[in-house]
Structure formats: C-alpha cells, structure tokens
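Chain by chain, the residues:
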Amino acid sequence: MNNKVYNNRAWLLVLPMLVLVAFSAIIPLMTVVNYSVQDVLGPNASFFTGTEWFRTMLNDSALQAAFGRQIMFSLIILAIQIPLGIGIALIMPKQGWQASAVLILITLPLLIPWNVVGSIWQIFTRGDIGLMGWGLRELGINYNITRNAGDAWATIILMDVWHWTPLVAMLCYSGLRSIPEAYYQAARIDRASKWAVFRYIQLPKLTNVLVIAVLLRFMHSFMIYAEPFVLTGGGPGSSTTFLTQSLATMAIGQQDLGPSAAFSIIYFLVILLVSWVFYTTIMHLQKDKNSQGGV
Amino acid sequence: MSYQLENTQQGEKYNTIFSKVPAAERRKRHSRSRLRKRLLLGTYIVLLVLPLYWLLNMSLQTNSEILGSMTLWPQNLTFDNYIGIFTNPSWYMGYVNSIMYVVMNMIITMLVALPAAYAFSRYKFIGDKHLFFWLLTNLMAPPAVFLLPYFQLYYSVGLFDTHIAVALAHCLFNIPLAIWILEGFMSSVPKEIDETAYIDGYSFPKFFIKIFIPMISSGIGVVLFFLFMFSWVELLLARTLTSTDAQPIGMIMTRTSTASGIDWGTLAAAGMLTIVPGILVVYFVRNHIAKGFALGRT
Amino acid sequence: MSWMVWTLPTAIFFSSIAAMLAGMTIWELRSPSIERKGFLPISTTRGDRLFIGLMSAAFIHLGFIGFTSLSIWIALALSAVWLLVLMRWG
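Residues numbered from 1 in each chain as written. Chains lettered and ligands numbered in written order. Predicted model: local features only at pLDDT ≥ 70, side-chain atom pairs only at ≥ 80, totals over all residues. Heavy atoms only, no water.

### Looking at the pattern of salt bridges
Selection criterion: Any Lys or Arg side-chain nitrogen located within 4 Å of an Asp or Glu carboxyl oxygen qualifies as a salt bridge. Runs of H or I in DSSP of at least four residues are treated as helices and runs of E of at least two as strands, each being numbered from the N terminus.
For the coordinates displayed, the defined rule picks out six salt bridges over all chains. Asp160(A) serves as the salt-bridge partner of Arg217(A), at 2.8 Å between the closest nitrogen and oxygen. Taken together, the positions of Arg217(A) in helix H9 (residues 194–222) and Asp160(A) in helix H7 (residues 149–177) put the pair 57 residues apart, joining distant regions of the chain. Linking Glu28(C) and Arg46(C) is a salt bridge whose minimum nitrogen-to-oxygen distance equals 3.8 Å. Placement of the pair is Glu28(C) in helix H1 (residues 8–30) and Arg46(C) in helix H2 (residues 46–67), with a sequence separation of 18 residues.

### Here's the deal with the UniProt feature "transmembrane region" (unreviewed entry) in chain A
Residues and elements named next belong to chain A. To keep it simple, the criterion reads: UniProt positions are given in the numbering used here, feature names are shortened, and annotations may be inferred rather than shown by experiment.
In the numbering used here, UniProt assigns the "transmembrane region" (unreviewed entry) feature to residues 12–33, 71–91, 103–124, 152–176, 197–219 and 260–279. Span residues 71–91 is 100% helix and 0% strand, its end C-alpha atoms 31 Å apart. Within the segment residues 103–124, helix and strand shares are 73% and 0% respectively, and the terminal C-alpha atoms sit 24 Å apart.

### As for the interface of chain C and chain B
The accessible area lost on association of the parts is a frequent measure of interface size. Spelled out, the test is: Throughout, a contact is declared for two residues whenever any of their heavy atoms are within 4.5 Å. Once two parts are joined, some of their accessible surface, as seen by a 1.4 Å probe, is lost; buried area is that loss totalled over both. A 3.5 Å cut-off defines polar contacts: any pair of N or O atoms within that distance qualifies, except that in protein one atom must be a possible hydrogen donor and the other a possible acceptor, and neighbouring residues in sequence count only when both atoms are side-chain atoms. Any residue that is not Ala, Val, Leu, Ile, Met, Phe, Trp, Tyr, Cys, Pro, Asp, Glu, Lys or Arg is counted as polar, Gly included; the first ten are nonpolar and the last four charged.
Tallying the contact residues gives eight residues for chain C and seven residues for chain B. In this assembly, chain C packs against chain B so that about 590 Å² is buried in total across both faces, 77% of it on carbon and sulfur atoms. The three residues of chain C that bury the most area against chain B are Trp3(C), Glu28(C) and Phe51(C), which together make up 68% of that side's buried surface. Put simply, chain C and chain B have zero salt bridges between them. Between the two partners, chain C and chain B, sit one residue pair in polar contact (both at pLDDT 80 or more). Among the secondary structure elements, those contributing two or more residues to the side of chain C that touches chain B are H1 and H2 of chain C. Its residues assigned to classes, the side of chain C that touches chain B shows three nonpolar, three polar and two charged.

Following this line, the structure appears as structure tokens:
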C-alpha cells in the first residue's frame, strides 16, 4: 500500500467517474445552495431572501425536536446493533453448508426494498392480521402503534434492529474470518480463557470493521425515511417523525423550496462534519498500524 | 504484531486456572458451549425469519381468510395472488422496470469504477485523498437533500421517467461504494504483477482486461452484489424520477390500497416477489460475500 | 440552466471555491506540500487545512446567522482570519 507511484496521469482513469458523479452530485448541490437564498415561487418568479431561511430553520422548534429524536434514535440503535452484531458474528458457523445457509438467511433483510420492510412490519404488528400485534394482544398487552408513542418507538427500533443488525454481523463475521487459525492455536496452548481470546485476539481485529459499521449505521440511521414513513407515518402526532421525513414533507408536501434547501444544507454540513471525523479516525488507525509494521 | 498473548505472565495465570479442570470435563464443557451457541443462533434466525414467514403465509391466503380469522398457516392454500401479479402487465412491468434500471446502473457503475479504483489503488496524484473523501461523502448524503434538484435536472435534460435517469441517479451512491470496495480488493493484488505484465509488453488496456480483471473477479462479484442491493432497495429517488413508463415495483405496490380497502393478499405476494431477486444474487456470491463486507480489506 | 435559479451571491460563492481549488492545484504543482504538524491535533497537508478551514467557516456562519443578530460580514471576516491562521500555523 505504501509504494504507490506518483503519477498525475492517473487523473485520466478517474475522469469518467468524476464526470458522472459530478453530474449527480455537484449540479444538484449548487441548485440547493441557490434555492436556499431565495423564495422560489415558480420557474421565473423568485426573490432573493439572503440568510433568512437559515435563520428560520435553525430556530424552528419542530425541526429541533426532530433533530433531537434523530440523535436519540441513532444512539439507541447503535447501542443495540453493535453488541448484538458482534455476538451473532461470534456464534455463526465458520464453514460448511451451514455457514452458507446462515449467511444467506442473515443477509435477507438487507435485500428487501425499504418501503417493503415498512409494509412487512406494518402487517406484522397489526392487531387484527399481524402475528406480533395479535400475539401481544392475546397476552393481554395493550399494544397499539397508532395511538401509543412508546409502542411506536419500540416497534421502529425493533424493525431497525431486525433490518440492519445483519449488516453489523456480516462486517464482524468477515473481520473474524481474517484471523489466522494459528492465533487461536497459540491461545489454546496458552489455555487462554474465552474472554481473553475475545479481548486480545478478536476485538483488535474487529476494530477496523467496527469503525466502518458504526459509520455506515450512523449515516444510514440519519437517512431513515421509508420504513417509519410506511410503518407509522411519523405518528402518533409527530413522535416518530425523523429528520429526513421532516425534510421530505417540507420539500415535496408543502413545496417550500427555499426553507427545505436551507435545511438540507445545514443537514449536509452536519453529515459532512461527522463523516470527516470518522474518515480521519479510520485513516489514522490504518496509518498507526502501518507505522508499527503490522498487517 | 504485539498481541498480548506472548505475555507469558498472563499465559501462566490461565494455565494455573485451567490445569485444575480435568480434560474430560473440559471436553464436555466445550460441547455444551457449542450447543448453547447453536441454540442462540437458532433463536435469532427464527426471530429473523418470522416476519418474512408471516408475509409468505399471507401471500398464500385469500383476503377473506386473512381478515377472517387468525391462522398460523394457510388453511386453503391459494396461488391466486401470485397468478394475479404475473398476468397483469401493470404489475409485472414494475419488476421489469426495477430490474432494468438496476442492471443499467450496475453496468455504468462498473465501467467507470474499475479504472478509477485502479488509479486510487496504484497511484498517488494531486488531490487523491480529498477526491476519495468527497466520493465517500456522496455515500453519506441523504437522497432527500437532492430530490427536487434531481427532478428538475432530469426533467430539463429530457430524461424524466426513463430507466436511464434512475440508473444515473443511483450512481450518486453506487459509484463511491464500488470504488471503495474495489480499491480494497485491488490493493491486495501485488504490484509486481502489473510491472511484470508491462515488461512482457502488455499495453494497459490489454493487461487490465486480460490479467487484472480475472484476478479480482471475486471482488467484482461482491461489488455487483452490493450495487444490486443498494439500487434495488432505494425508492425515494426512483419514485421521484419516474411517473408511469419506468415506475419501480415498490411504487406500484402502494396501489393495493383502494377505496374498498387494502388488497392484503396481493400486497403480501408482491412483497415476497421483491425478495426473490435478492436471494438469487446472494446465492451466487455466498462464498465471497464475507470478504466483500469488510470492503475487501481483510 | 434557468431552473438552477442562479443569483449573484451564490455565483460569486461558487466561483471563489473553484478559484481556490484551481489555486491550490497550481500551488501544489509548483511546490508539493509536505505533511506537517501544527497546533491541530493531527498532522495535515495544505489541502487538509483548507478543508478544515472552509468547514469551520461554514459553521461559524451558521452560528452567526442562527443565534446572533450580528452582521454576516463579521462572520465572513472572522472566518477569513481563522482560515489564514489555520493555513499558516495549523
């Protein structure tokens, strides 16, 4: 990795990709910036408003509440999915047909369109036709996601854990598989306890993939839209309305281009900051490893 | 590699703890822990599959049975819901549309991502690190931010409601992802191979296609799986950029709710069918997928 | 292009970003940057410092707009000073 050649002609290889991604990323981003400083009423009717929309958005109490809910949601699912994912990866079979079967089963939730995931859980938790809703009712638990905010939250978290823990598990599983068998043999000779094996052999190998897992899960949970939209529609009230849904309602539902663009930019800056911090961390972890002469 | 295992003091500590346990007892303990592992994994998989089983169960029932009583498996097995979908063009065209833009996206992404990933894995050039980071931010950018400009951009270039529009839009996050994973796979191929090939008189394109691509074919398979996955599950952009001719299946499914109530059976059958392509794809890459999830970096 | 609803301020904004990128590229070609460690906790190259500077400038502006009634020009001046400090000693 360290002996790359310095050659600016490599730009030629990157150029086609750059044109395509720029078409999809830069032109829309510029447009969003343009919208954010104007009141856009129609194709040829817009008024310059300066920083007004940014001021409104930063002080909007509904958005601040959505932001708070979003942070809470992201932290809760990270706190559940990361340990659970590690646990599952540790108990997954390592070879043979069982390993393949478990792999395919575990990846299933990741391959379902996001709004179908919402539909599946909406059906599953309905009191009249859904197994879970019906079962809880039979057990005498008053469970209703359209009335009770607590139930709605619990269901969304359960759905997200169902949907995305497989990703964490797969990442950890692939990290574990890269540990040479010799390490385990050495540990057996030393009669190391299971905890010692986990702490000193498995966890260090997992650090890299875990950073990727946290990064991906954090970012995806920030973008969550289709699943809660189908499951609860953001309700009851606005108790499960997360950031992207507030944005989509504003931009599509109410056609408020200016404010929603200003909001998008603030949102994007936050995401940019967080991904930069994570990216720098990953890069420095790798650099430290290289300088130690390791993997 | 400075794993603390070499630390003899610790090793001795464990030795003294474990040497008190006889070997037979230890073997028994081992098999018991194996059983416990299997049980835990089994429980997780049952919980994982349960919502999917319920969907399958509903898709094989008539609406009157679904709404009538709670049945844990179909009492009168019926395939009418599936037959209904396969005989109605407005339904099955949804699948055709989805598959068309997903395949287009996979082809476009691969064509531009392969050379770019090669450049990142083999060369240093001005701004390479910043370019790579910028690519990754696109992976993080919430599509909702770009919805309206996308609609207007594709409308103004006359691509609205075409498959290629959705395929190009999905490049936003699929190209960065592909480059990220491919770069990992390519970096694990020793550089000497490139050099030997050039000495042997291969030109760059010939080397790339004849030698390099076959060497990372498992990586390419895994990347195709990821491209399929993210393009197939995304609907926010796909929905915004289409109206009738290229409408994805996920959007057509919302049609099941009519004035007379929701057609649960058809909804469940359509949902089941959206899972099938994914199963096929994951089956083909099952042996390489673990490496792919670590982005080729293990 | 009319659907992009360009305004003069945003056009100036994007032109200056483009000019900065072009300038950095030329500077880099003339005299390649060496990674070094300044007052920031990580070692950075010139480009890294520019990025950090621009990002903190964005947040300085947001803070001024959202939570104070001070003029945006003060935020701009402050960001410019911060960017220079960062480029020189960061």
